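# Descriptive analysis of the structure
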Amino acid sequence: MNIGQAARASGVTAKMIRYYDEIGLVRPSARTEANYREYDARQINELKFIRRARSLGFSMEEITRLLSLWRDRDRPSREVKAIADKHIADLDARIAEMQAMADTLRHLSHCCAGDDRPDCPILADLTEGSTPSDPAPKTRRA
């Protein structure tokens, strides 16, 4: 099948298929006499594998290693598990970091009066890099 058909069958865009081909992630495709790429069922399965791995957030380096292990029928599953476990730890760390960012922003938003005054703890934090402990005292302008 041609690259358009391979894209539809795998769920990977033609542009990404070309990229994966260029970087050697997928095995080189056969070429027609007119030099068009041709893909077989094995390559479509590899593209589906890559698409799913990307959807789980694996890096290209991790996908390269996983794809290599997937192709090796004599592989020990512990290597695959080690990659997955490391990825889970990385995801957990990123989730914790994002939760801390959300907590900080939630606090800053709570501290901001959100009124017509120019005082804003959110902007102060972005400028100074410190989190205010209490909202700014409310004063009336004369």
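Every value quoted in this text rests on a predicted model; they were computed, and no experiment measured them.

Procedures and definitions
- Residues numbered from 1 in each chain as written.
- Predicted model: local features only at pLDDT ≥ 70, side-chain atom pairs only at ≥ 80, totals over all residues.
- Heavy atoms only, no water.
- Helix = DSSP H or I, 4+ residues; strand = E, 2+ residues; numbered from the N terminus.
- Rg over C-alpha atoms; globule rule 2.2 N^0.38 Å.
- Buried < 20%, exposed > 50% of the residue type's maximum accessible area, 1.4 Å probe, protein only.
- Contact = heavy atoms within 4.5 Å.
- Areas by Shrake-Rupley, 256 points an atom, 1.4 Å probe, with all protein chains shown as cover.
- Lys, Arg positive; Asp, Glu negative; His and termini not counted.
- Charge placed at Lys NZ, Arg CZ, Asp CG, Glu CD.
- Expected span 1.5 Å × (residues − 1).
- Polar contact = N/O pair within 3.5 Å; in protein donor to acceptor, adjacent residues only side chain to side chain.
- Axes fitted to C-alpha atoms, helices over the stretch in contact; angles between N-to-C directions.
- Parallel < 35°, antiparallel > 145°, perpendicular 65-115°, else oblique.
- Nonpolar A, V, L, I, M, F, W, Y, C, P; charged D, E, K, R; others polar.

The next subject is the overall build of the chain. The number of helices and strands found in the chain is six helices and two strands. Order of helices (α) and strands (β) in the chain, N terminus to C terminus: α-α-β-β-α-α-α-α. Expected size for 142 residues packed as a compact globule is a radius of gyration near 14 Å; at 25 Å, the chain overshoots this value by more than 25%. The buried share of the chain, reckoned over its 142 residues, is 23%. Long-range contacts, defined as pairs at least 24 residues apart, comprise 44% of the intrachain contacts of the chain with a sequence gap of at least 6. Of the roughly 10,200 Å² that the chain leaves accessible, carbon and sulfur atoms contribute 53%. Positive and negative side-chain charges of the chain, numbering 24 and 22 respectively, have mean locations separated by a distance of 6 Å.

For helix α4 (residues 60–71), with 12 residues, the first-to-last C-alpha span of 16 Å sits near the 16 Å given by 1.5 Å per residue. Lining the buried residues of α4 we find α3 (41–55) and α5 (77–111).

With 15 residues, α3 should cover 21 Å at 1.5 Å per step; its first-to-last C-alpha distance of 21 Å lies within 8% of that length. Buried within α3 we find Gln43, Ile44, Glu46, Leu47, Ile50 and Ala53. In this fold, the buried residues of α3 make contact with α1 (3–10), α2 (14–22), β2 (37–38) and α4. Backbone nitrogen of arginine 42 and a side-chain oxygen of the N-cap are separated by 3.2 Å at the start of α3; the cap is aspartate 40. Looking at the residues trailing α3, positive phi occurs at glycine 57, about 85°.

Turning our eyes to something else, we now look at the environment of alanine 53. Tracing the sequence through the fold places alanine 53 in helix α3. Given the relative accessible area of 5%, alanine 53 is considered buried. Taking C-alpha positions, alanine 53 is 9.3 Å from leucine 67, a pair spaced 14 residues apart along the chain. Setting aside its immediate chain neighbours within four residues, alanine 53 contacts Phe58 and Ile63.

Orientation of α5 relative to helix α6 (residues 121–128), taken along the N-to-C sense of each, is 130°, at an axis distance of 8 Å. In this view, α5 runs oblique relative to α6, as classed from their interaxial angle. In contact with Leu108, Ser109 and Cys111 of α5, α6 contributes Pro121, Ile122 and Asp125. For the contact of α5 with α6, a count of residues per class yields four nonpolar, one polar and one charged.

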